[in-house]
Amino acid sequence: TPCIEIKEAKKKEVSTQPVEDVFAEYLDKSHTFDTFVVGEANEFAYAAAKQIADEENVSFNPLYFYADVGLGKTHLMHAMAWRIKEKHPEKNVLYLSAEQFFQRFIHGMQCKNTEPFKEIFRHVDVLLLDDIQFIASKTQTQEEFSQIFNALTAKGKKVILSAHCVPAELKGIGEGLKNRLSQGLVVKIKPAGYDLRLGILKEKLAKFTRNR
């Protein structure tokens, strides 16, 4: 039986791609630290993101953001990826949503060969995985991620994660993995107040004007 592509519209999503070919595939060029609007609700998250992006050695690993939809956690993760790659072009930086991680893993399962998928992560220096709650109740995907997570952190590689809630409240995620996700720095991005919302609207308007 031939190996089936995951999605016709995403033929580039082949698990044999090296990390360098995947780096910018899912990143928004406009999501940088310069375009992130900082306010009281997100200033600690911003500071943590800048620290892990700018400093070679940090005392926490992983960095775990949690927030409701639309509060900037994905923007921060993209900003970190761009900054790290800018400062350290030699580093292998990989950003994926948990859904994209799942799709790539399932693609390898369908092909009855997950080794190319695993090989990508053996060469990663910084892994950013967005919306980790997506792999809830997906047992095999969780097991694969746990192995990758343990291997990377054991080697001192940086792992940055995001979700909609604290690790302890992730439903459908194994207790062992929840505990490991809690071992680093867990940061909440709070709902934006009026001034921050206004600042975000102004930035979006500026982005629209720049792109016209």
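Look up: the structure comes first, before these words.
One structure accompanies this document, and this report is about it. What you see is a predicted model; the values in this text were computed from it and never measured.

The rules behind the values
All residue numbers refer to positions counted from 1 along the written sequence of the respective chain. Whole-chain, interface and lining totals are the exception, using all residues; otherwise, since this is a predicted model, local features are given only for residues with pLDDT of at least 70 and side-chain atom pairs are given and counted only at 80 or more. Think of the side-chain values as coming from all heavy atoms in the structure, minus any hydrogens and water. Helix and strand assignments come from DSSP, with helices taken as H or I runs of at least 4 residues and strands as E runs of at least 2, each series counted from the N terminus. Each residue is assigned to one of three classes by its accessible area relative to the maximum for its type, calculated with a 1.4 Å probe on protein chains only: buried under 20%, partly exposed between the two thresholds, exposed over 50%. Throughout, a contact is declared for two residues whenever any of their heavy atoms are within 4.5 Å. For every accessible area listed, the method is Shrake-Rupley and the probe measures 1.4 Å; residues are considered covered only by the protein chains on display. Only when DSSP finds a minimum of two bridges between them are two strands counted as paired. To define axes, lines are fitted to C-alpha atoms, for helices over the stretch in contact only, and angles between the resulting N-to-C directions are given on a 0 to 180 degree scale.

### Considerations on the overall build of the protein
Then, number 1: Secondary structure summary: the protein contains eight helices and five strands in total.
Then, number 2: Along the protein, from the amino end to the carboxyl end, the secondary structure elements read α-α-β-α-β-α-α-β-α-β-α-β-α.
Then, number 3: With 212 residues in all, the protein has 46% of them scored as buried.
Then, number 4: Put simply, of all contacts in the protein between residues at least 6 apart along the chain, 79% involve residues at least 24 apart.
Then, number 5: In the form shown here, the protein has an accessible surface area of approximately 11100 Å², with 52% of it arising from carbon and sulfur atoms.

### Side note on the sheet that holds strand β1 (residues 63-66)
Then, number 1: With respect to topology, five strands assemble into an open sheet ordered β2-β3-β4-β1-β5, the strand pairing being parallel. Two strands in the sheet have a free side with no partner beyond their single neighbour: β2 (93-97) and β5 (185-188). Here the average twist between neighbouring strands, direction ignored, is 15 degrees.
Then, number 2: Two elements, strand β3 (residues 126-130) and strand β4 (residues 158-163), share four bridges in a ladder whose sense is parallel. Pairing of leucine 127 across the sheet is with valine 159, part of β4.
Then, number 3: Here helix α6 (residues 139-154) sits on the sheet and contacts β3 and β4; the angle it forms with β4, its principal contact strand, is near 140 degrees.

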